[in-house]
Structures are given as structure tokens and as C-alpha cells.
Amino acid sequence: MRLLQGRPIAHGICASLKERVQAFFRRYNQPPTLALLRVGDDAASGIYLKNKVQRAEEVGICARVFAFPVQTSAAELIACIDLLNHDDATHGILVQLPLPAPLGAETIINAIAPAKDVDGLTTVTQGRLFRGEACLKPCTAQGILLLLKTVHADLTGQHVVILGRSLIVGRPTGLILLHEHCTITLAHSRSRDIAALCRQADIVIAAVGQPRFVTRAFVRPGATVIDVGITRETLSDGTQKVIGDVDFEDVASVAGVITPVPGGVGPMTVCCLMKNTIEAAENQMYGQETHAAV
Ligand code: NAP
């Protein structure tokens, strides 16, 4: 069994991004800049946001956090996004999810200009992804692809069973792997006999948010298993532990390759956010240069 650690892979990618950021700075005399919008004070959201800011600083990206109180209205949030959309010094905009329920995440996300949609979640970006057009791809799905490429240089013809069909993880992962010529099965809460579906897979990707959902009964010997799930469990001593969707010890005894939680997909997601931010910044500045040259 091979343990597929995300941290060293993400670290290597971020090292090359750092050089790209330096080149950007030399050329445009400004850093790629990412605006992170947060509403409320959810503890887990705060941890994710802190990770993103820390990784941005390491790479040389300027991260600007906009923190709003929980009672902020959708109109106030959209007004801020609108300002950032028109600010030439802001290249990427991310709204930290989940948002408090009354805000309606979809409308707010769709207020982000597609050129600055570094999370890859607007309807325009996802439509482009659906059509196989160039776009800033959703970070977790992109991270999963980069992880898989270190194991399967050519993914053509691999049968991938994805557990979960969310717009953030399951569906975009399916589309990205479809563009890599994989055969995709998307399973969800209404699917029948998920274990039997998974046993047909060369690659199983678990993104259901149900701790230890995938056991050895789901895995064909030698298959690759990618665990996207993150659930925080409180232990008897009051400390918190992060649990994946895969029963790691059980599955590790049959899988050919398996990712850990934490330290598997998570670091790749943050790394791809940095990659998207630099890509967005380069595209916007290149667009301005070409516009000025005409
Ligand atoms: P989500 O929006 O809640 O979607 C969960 C999906 O799993 C849904 O499609 C749901 O089916 C399906 N599902 C739930 N219970 C199931 C069951 N018993 N059997 C079969 N399918 C079931 O969650 P998400 O945003 O996609 O996130 C999934 C997990 O990944 C969460 O633990 C989240 O914290 C984690 N995550 C990790 C990263 C990372 O970077 N590592 C990034 C994002 C999310 P229906 O559609 O039928 O309801």
C-alpha cells in the first residue's frame, strides 16, 4: 500500500508558484492579490481562512481579509464584491463557505466576476468547466486531479467512482476527470448498493461528509482511494480530531494507494487556490497589456 501524502506535493507546487509570483512582481510591480470575505465567526471557517492566508503569505500572494458580522445583509456583501470586481489591484475573490443560511450563497457567489472567481464556483465558471473550456477550476477537484496524476500519469480509461455530487466537490471532480478520459460514476444518497459500485472502480473518491463511510467492503484490492471528507469529532478528553470519509485502517489493508486525513486532499485544495489566484492575476494583467497595445 502506498500512502499518498498531499503535503509534500502541495509544497513542491507552491515552491514553483513562488517563482511565478516573483516574476509577476518584477513585471507589474505589485503582488497577485486575493480578497477573502468572511461572514460571522464560525470556528472551523476561521481555521480554513487562517490556513489560506498563511499559505498565501508563504507564496508571496497578498491576502486581504474582509470580515463581516453575522447579521450582514446580502446587499452589503454584494456591494463589497462589486467594489472588488472593479478594483484593478484585486485579482481573486473568495467568499468563505458556508455562509449563514439567510444570505443565499448562490446569489452572493454569482456576484463575483468570473475572471476573479478563484474558487471556481460561479455559474459561468462551472458552465465553462462543463463545456471543457478554459476556466479557473474548482480548487478541491483540481487538487484531486494533481494528486491522481502523481499515481496515474495517464488516467485514460480509468473507472472512477465518486461518492457525492455537490457543486463544490463531487460534480466538478467528475467533469475534470471526464476531460481526462476517465469513466465516471457519480454516486449519492439515492444510489443503490454503493459498496458494489465502488468495488468496480479503479479509483474511489469519497466526498460525502460521513465519517468512516468507506470500508474495505467498498474497495477492490489494489484500487486507489482518495478521501476528501473532513468531519471534526470531539474526543472524550475534549480535544478535536479530524476524521475522513474513509475508515483508514480498514481500507489501507486492501487499497493500492490511499490518502490520509488530514494531510491528503486538504493541502492540495489550498495550493490550487494559490495557483488559481496567480493564474487570474496573470490573465487580468495580460488582458490590460493587450488592451493598451490595441
Ligand atoms: P455536501 O454538499 O454535503 O455533499 C455531500 C454529498 O454526499 C451529497 O451529494 C450527498 O448526496 C452525498 N451523501 C451524503 N450522505 C450519503 C450517503 N450516506 N450515501 C451516499 N451519498 C451520500 O458536501 P461537500 O461540500 O461535497 O463536502 C463533502 C465532504 O468533503 C465534507 O466532509 C467536506 O467537509 C469535505 N471537503 C473537503 C475539502 C478538502 O479540501 N479536503 C474541500 C471541500 C469539502 P445527495 O446529493 O443525494 O444529498
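Here, every reference points to the structure presented above.
All values reported here derive from a predicted model rather than from experimental measurement.

Enquirer: Help me out: how do you make sense of the overall build of the protein in this one?
Expert: Counting its regular elements, the protein contains 10 helices and 11 strands. Expected size for 294 residues packed as a compact globule is a radius of gyration near 19 Å; at 19 Å, the protein falls within 12% of this value. In terms of overall dimensions, the protein has C-alpha extents of about 60 × 45 × 30 Å along its principal axes. Expressed as a percentage of its 294 residues, the buried residues of the protein come to 46%. A gap of 3 Å separates the mean positions of the 27 positive and 27 negative side-chain charges of the protein.

Enquirer: What is the right way to look at the packing of aromatic side chains in this model?
Expert: For any two aromatic rings, the description comes down to two numbers: the centre-to-centre distance and the angle of the planes. Under the definition given, this model contains two aromatic pairs. Ring geometry for phenylalanine 24 against tyrosine 28: centres 4.8 Å apart, planes inclined by 55°, an arrangement best described as tilted. One end of the pair, phenylalanine 24, and the other, tyrosine 28, are both in helix α1 (residues 6–28), four residues apart, so they sit about a helical turn from each other. Each ring, one from phenylalanine 213 and one from phenylalanine 218, has its centre 5.6 Å from the other, and the planes form 65°; the classification is edge-to-face. With relative accessibility at 31%, the residue phenylalanine 213 sits in the partly exposed group.

Enquirer: When you look at the sheet that holds strand β11 (residues 257–258) in this model, what are you seeing that I'm missing?
Expert: The strands making up a sheet associate through hydrogen bonds between their backbones, and the pairing can be parallel or antiparallel. Read from one edge of the open sheet, six strands run β1-β11-β8-β7-β5-β6, paired in parallel fashion. At either end of the open sheet lies a strand with only one pairing partner, and these are β1 (2–3) and β6 (183–187). Where strand β5 (residues 159–163) and strand β7 (residues 203–206) come together, four bridges link them in parallel fashion. Following the sheet pairing, valine 160 is matched in β7 by isoleucine 203. On top of the sheet, helix α7 (residues 170–179) reaches β5, β6 and β7; it is set at about 170° to β6, its chief contact.

Thresholds, definitions, all that
- Residues numbered from 1 in each chain as written.
- Predicted model: local features only at pLDDT ≥ 70, side-chain atom pairs only at ≥ 80, totals over all residues.
- Heavy atoms only, no water.
- Helix = DSSP H or I, 4+ residues; strand = E, 2+ residues; numbered from the N terminus.
- Rg over C-alpha atoms; globule rule 2.2 N^0.38 Å.
- Buried < 20%, exposed > 50% of the residue type's maximum accessible area, 1.4 Å probe, protein only.
- Lys, Arg positive; Asp, Glu negative; His and termini not counted.
- Charge placed at Lys NZ, Arg CZ, Asp CG, Glu CD.
- Phe/Tyr/Trp six-rings, centres within 6.5 Å; stacked < 30°, edge-to-face > 60°.
- Pairing = 2+ DSSP bridges.
- Contact = heavy atoms within 4.5 Å.
- Axes fitted to C-alpha atoms, helices over the stretch in contact; angles between N-to-C directions.

All quantities given are derived from atomic positions and should not be read as evidence of function.
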